[in-house]
Amino acid sequence: MKTLVFATANKHKLIEVQGLLGEGFALYCLADLQITEEIPETSGTLEGNALQKAMYVYEHTGKACFADDTGLEIDALNGNPGVYSARYAGPEKDSQANMRKVLAEMQGVENRAARFRTVIAYIDDDGQSHLFEGKVEGEILLQPVGDEGFGYDPIFRPAGYTESFAQLSLEAKNKISHRGRAMQAFCQYLGEQ
Ligand code: IMP
């Protein structure tokens, strides 16, 4: 069985990824390795942050490790909130405040094209890095709709859908989501090794 560390404190993500990877992989999260400090994310890109997190854990544990980083990229805002998505309206990481800030900046803006993008960085047993990406294109709604999901889900409508992400079931969202697609690419790679 192959041992892998997922550099996340989010148990929900861990369970989701264990389901995708199957029984050939023993997956550990940060708490399993007694890593409780906040890992620095000081790069200006999703790729840089994901690599920084995965490398931090690899250097501290010597184990193969992967990390993800996600951003909402809005064309009319020059790709913002992007790498700043979690803290767009301030350090409290308040989703409601983040959405209010985006909607205020998008007031009267016609081009509402946006995408969620997830980058996964994987550091293998030999310390080599590999990057995987998943995207979902869509647009920013005029106001929040729906109660499911988290983050910016109520103001994002995926292309080809009439509902916002917050109106889709978790299962329906995972099939087309940025994170689901990035994880699928990563899991396919692991399965081929
Ligand atoms: P993280 O890299 O997964 O922690 O995501 C960074 C931020 O992007 C989160 O704090 C959310 O604000 C936003 N975000 C990430 N994934 C999603 C999603 O699936 N729906 C809505 N917002 C998301």
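Our subject is the structure listed above.
Report on the accompanying structure. (Residues numbered from 1 in each chain as written. Predicted model: local features only at pLDDT ≥ 70, side-chain atom pairs only at ≥ 80, totals over all residues. Heavy atoms only, no water.)

### Observations regarding the overall build of the protein
On a plain count of helices and strands, the protein comes out with five helices and seven strands. Taken from the N to the C terminus, the helices and strands of the protein come in the order β-α-β-α-β-β-α-β-β-β-α-α. Referenced to the eigenvectors of the C-alpha coordinate spread, the extents of the protein come out at roughly 50 × 30 × 25 Å. Taken across its 193 residues, the protein has 45% of its residues classed as buried. Taking all contacts inside the protein whose residues are at least 6 apart in sequence as the whole, residues at least 24 apart take part in 52%. Of the roughly 9,900 Å² that the protein leaves accessible, carbon and sulfur atoms contribute 48%. Distance from the positive charge centre (18 side chains) to the negative charge centre (28 side chains) of the protein: 2 Å. (Helix = DSSP H or I, 4+ residues; strand = E, 2+ residues; numbered from the N terminus. Buried < 20%, exposed > 50% of the residue type's maximum accessible area, 1.4 Å probe, protein only. Contact = heavy atoms within 4.5 Å. Areas by Shrake-Rupley, 256 points an atom, 1.4 Å probe, with all protein chains shown as cover. Lys, Arg positive; Asp, Glu negative; His and termini not counted. Charge placed at Lys NZ, Arg CZ, Asp CG, Glu CD.)

### With respect to helix α5 (residues 178-192)
Taking 1.5 Å per residue as the helical rise, α5 with its 15 residues ought to reach 21 Å, and the 22 Å between its terminal C-alpha atoms agrees with that figure. Residues of α5 that are buried include every one of His178, Arg179, Gly180, Ala182, Met183, Phe186, Cys187, Tyr189 and Leu190, and no others. (Expected span 1.5 Å × (residues − 1).)

### Here we look at the state of the cysteines
Note on terminology: a disulfide is the covalent bond linking the sulfur atoms of two cysteines. In total, this model carries zero disulfides according to the counting rule given. Between Cys65, a free cysteine, and Cys29, which holds the nearest cysteine sulfur, the sulfur-to-sulfur gap is 11 Å. On the accessibility criterion, Cys65 (0% relative accessible area) is buried. Note on Cys187: no disulfide assigned, nearest cysteine sulfur contributed by Cys65 at a separation of 14 Å. For Cys187, a relative accessible area of 14% gives the class buried. (Disulfide = S-S within 2.5 Å.)

### Topic: unusual backbone geometry
The amide bond that connects Asn80 to the next residue, Pro81, takes the cis arrangement and shows omega of 0 degrees. Here Pro81 shows up in strand β4 (residues 81-82). With phi around 55 degrees, Asn78 is a residue other than glycine that occupies positive phi space. Summarising the element assignment, Asn78 is placed in the loop between β3 (65-74) and β4. The exposure class of Asn78 is exposed, given its relative accessible area of 74%.

### What about the site of the ligand?
Looking at the ligand, there are 13 residues lining it, with Lys13, Thr70, Asp153, Lys173 and His178 nearest. At a separation of 2.9 Å, an oxygen atom of the ligand approaches a polar backbone atom of Thr70. For the ligand, an oxygen atom lies 3.1 Å from a polar atom in the side chain of Arg179. With the chains in place, 85% of the 470 Å² that the ligand exposes on its own is no longer accessible. Listing elements by their share of the shell around the ligand, those giving two or more residues are β3 and α5. In terms of residue class, the shell around the ligand is built from four nonpolar, four polar and five charged. (Near = heavy atom within 4 Å. Polar contact = N/O pair within 3.5 Å; in protein donor to acceptor, adjacent residues only side chain to side chain. Nonpolar A, V, L, I, M, F, W, Y, C, P; charged D, E, K, R; others polar.)

### Brief notes about the packing of helix α1 (residues 11-21) against α5
Any two packed helices are characterised by how steeply their axes cross, that is the angle between the axes, and by the distance between the axes. Orientation of α1 relative to α5, taken along the N-to-C sense of each, is 45 degrees, at an axis distance of 10 Å. By the angle between their axes, α1 is oblique relative to α5. Every pair of crossing elements has a handedness; the one defined by α1 and α5 is right-handed. When α1 is examined against α5, the residues Lys13, Glu16, Val17, Leu20 and Leu21 are found in contact with a partner set consisting of Arg179, Met183, Cys187 and Leu190. Residues that form the contact of α1 with α5 fall into these classes: six nonpolar, no polar and three charged. (Axes fitted to C-alpha atoms, helices over the stretch in contact; angles between N-to-C directions. Parallel < 35°, antiparallel > 145°, perpendicular 65-115°, else oblique. Left-handed = near helix turned anticlockwise from the far one by under 90°.)

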